[in-house]
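Secondary and tertiary structure notes
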Amino acid sequence: MDDLLELIQGISPMNHAKRAAGQAWCDRLAKPPGALGQLELIYARLYALFDGIIDLEKKIVLVYVADNGIVEEQVSANPQETTYIVAQNMLAGQTGLCAISRHVGSDLCVVDIGCKRDIYPSVEDKVMPGTKNFRHQAAMSRDEAIKAIMVGYRRTCALMEEGYCLFGTGEMGIGNTTTSAAVISVLLDKDPFEVTGYGAGLTEDSKHHKAMIIQEAIAHHAPYEDVLDVVAKVGGLDMLGMVGTYLACARHSYPCVVDGLISATGLLIASRLAPAVLDYAFASHLSTEPGYAMICQELGLQPMLQLGMRLGEGSGCPLAFFIMENAVYTMEHMPTFAQGHLNPDDYVDIR
């Protein structure tokens, strides 16, 4: 716990004067002020994080793999073995995330933080072989929850030492839309029936059953002391690994991209530990899961894309990487008003 507290205390907000300088640069370009919308906002934030010299060359998605004991309650359309199989497919470069990543030139790091079966010969990152069934007992202990955060933190910092400067968060774990819905329900004080979605493809009856299990479980574990107590009781190891990545990026001033529901739940948890992490987080796409929209409203996130995606894995991150790189290239290669022989006074600020 001492390591986590020390980490949190070392996180500072973004330098907003530098962000304003980045926006001022955008406003000097030959276009109506604000005409490039989110591209300008993205550039201004990156300008602040990199102190004006933006480097997004080396980028990576960390995929946290973990099983969830709550799958015993028939809350998923897929068998638990799917977690291990898809993780192996990722290592072989044979998933949707792998294809998208190859196309945009980003790398992949698969972290076995809690798969029931061992993915690697070494299990140094594994906190436990899957969480317990939180309908009947806490998913994990508080110490295990903290350990999972620190695994994510150390893994991310190690990648920074290898030169990575743009990060994304992904996951693989059957049952993790259930854990996410449970955590969101408690932290945002929402009805589980409003938060619970279809996950990887439930029927209407199955979704209702899933929401009933969540409702029963969160009532069983109440009251909750704090955010760590919530996640230890009804959460998952994958979202906690992501918390570590978000904290690492905030601590060392690097941008981190959020994928879908589970990634956003991790960001919600991280923001309760250190609110400044939101300055370093970029939302990729608008997930179709209802809990994702609730988190966006709570945290003020503005997803870059609306594509109806629900694959998970971190698949929205490399798409966002491309947009972020394009934002930087555009702002650094457009002519200014002077270079374009235009009068800025002829343009109206459309923001």
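Our subject is the structure that appears above.
Calculation notes
- Residue numbering note: each chain is counted from 1, following its sequence as written.
- Confidence filtering applies because this is a predicted model: local features only for residues at pLDDT of at least 70, side-chain atom pairs given and counted only at 80 or more, and all residues used for totals across whole chains, interfaces and linings.
- Each side-chain value is derived from all of the structure's non-hydrogen atoms; neither hydrogens nor water enter the calculation.
- Under the scheme used here, helices are H or I runs from DSSP no shorter than 4 residues and strands are E runs no shorter than 2 residues, and both carry numbers assigned from the N terminus.
- What the globule rule says is 2.2 Å times the number of residues to the power 0.38, and the radius of gyration is computed from C-alpha atoms.
- Here the term buried applies to any residue with accessible area under 20% of the maximum for its type, exposed to any over 50%, and partly exposed to those in between, with areas from a 1.4 Å probe on protein chains only.
- Residues count as neighbours in contact if any of their non-hydrogen atoms are within 4.5 Å of one another.
- In this analysis the probe radius is 1.4 Å and the grid spacing 1 Å, with only protein atoms considered; a cavity is a set of points the probe fits into but cannot get out of, a pocket is an open set with protein on both sides within 12 Å along at least five of seven lines, and lining residues have an atom within 4 Å of a point.
- Grid points are joined across faces, edges and corners, and a volume is the space filled by probe spheres set on the points.
- Lys, Arg, Asp and Glu make up the charged group, whereas Ala, Val, Leu, Ile, Met, Phe, Trp, Tyr, Cys and Pro make up the nonpolar group; the residues left over, Gly among them, are polar.
- Expected span of a helix: the number of residues minus one, times 1.5 Å.
- When DSSP finds two or more bridges between a pair of strands, those strands are recorded as paired.
- Here a polar contact is taken to be a pair of N or O atoms separated by no more than 3.5 Å, where protein atoms must pair a possible hydrogen donor with a possible acceptor and residues adjacent in sequence count only if both atoms sit in side chains.
- Asp and Glu are treated as the negative residues and Lys and Arg as the positive ones, with His and the ends of the chain left uncounted.
- We count a salt bridge whenever a side-chain nitrogen from Lys or Arg sits within 4 Å of a carboxyl oxygen from Asp or Glu.

**A closer look at the overall build of the protein**
Helix and strand counts for the protein stand at 14 helices and 5 strands. Against the globule reference of 20 Å for 351 residues, the protein gives a C-alpha radius of gyration of 20 Å, in line with a compact fold. In terms of principal-axis extent, the alpha carbons of the protein reach across some 70 × 40 × 40 Å. Across the 351 residues in the protein, those meeting the buried criterion constitute 58%.

**Quick word on the side chain of Thr 131**
Along the polypeptide, Thr 131 turns up in the loop between strand S2 (107-114) and helix H6 (142-161). Residue contacts for Thr 131: discarding those within four places in its chain leaves Asp 67, Asn 68, Gly 69, Ala 139, Met 140, Gly 235, Gly 236 and Leu 237.

**What about the layout of surface pockets?**
For the largest pocket, the calculated volume is near 500 Å³. In terms of lining residues, the largest pocket is bounded by 31 residues, among which Asn 176, Thr 177, Ala 200, Arg 310 and Leu 311 are the most central. Residue assignment for the lining of the largest pocket shows that the elements contributing at least two residues are helix H4 (81-91), strand S3 (166-172), helix H7 (176-187) and helix H12 (261-273). Counting residues per element, the lining of the largest pocket draws most heavily on H12, at 3 residues. Looking at the lining of the largest pocket, its residues break down into 12 nonpolar, 13 polar and 6 charged. Taken as a whole, the second largest pocket encloses approximately 300 Å³ of empty space. Taken together, 15 residues line the second largest pocket, and the ones lying closest to its centre are Arg 19, Arg 45, Ala 281, Gly 300 and Gln 302.

**A look at H6**
The end-to-end C-alpha separation of H6 is 29 Å, in line with the 28 Å expected for 20 residues at 1.5 Å each. For H6, every residue scored as buried is listed here: Ala 145, Ile 146, Ala 148, Ile 149, Met 150, Val 151, Gly 152, Tyr 153, Thr 156, Cys 157, Leu 159 and Met 160. Once H6 finishes, Gly 163 follows within two positions and takes phi at roughly 105°, a positive value.

**A short note on the pairing of strand S1 (residues 59-66)**
Consecutive residues of a regular strand have side chains that alternate between opposite faces of the sheet. S1 sits mainly inside the fold: 8 of its 8 residues count as buried. What you see with S1 is no split at all: Lys 59, Val 61, Val 63 and Val 65 on one side and Ile 60, Leu 62, Tyr 64 and Ala 66 on the other are buried throughout. Note that S1 and S3 share 7 bridges and pair parallel. Within S3, the position partnered with Val 65 by the bridge is Met 172. Bridge count for S1 against S2 is 7 bridges, and the pairing is parallel. From the neighbouring strand, Ala 66 faces S2, where its bridge partner is Gly 114.

**Let's talk about helix H10 (residues 227-234)**
Buried residues dominate H10, accounting for 8 of its 8 residues. Among the residues of H10, those classed as buried are Val 227, Leu 228, Asp 229, Val 230, Val 231, Ala 232, Lys 233 and Val 234. For H10, the secondary structure elements touched by its buried residues are helix H1 (2-9), H6, H7, helix H9 (204-221), helix H11 (237-252) and H12. Taking the backbone nitrogen of Leu 228 as reference, a side-chain oxygen 3.3 Å away marks Asp 226 as the first, capping residue of H10.

**Some thoughts on the side chain of Glu 171**
Counting through the fold element by element, Glu 171 comes out in strand S3. In this structure, Glu 171 is buried with no salt-bridge partner, the nearest side chain bearing the opposite charge being Arg 310 at 11 Å. Only 2.8 Å separates the side chain of Glu 171 from the side chain of Asn 176, close enough to count as a polar contact. A distance of 3.3 Å separates a polar side-chain atom of Glu 171 from the backbone nitrogen of Glu 313.

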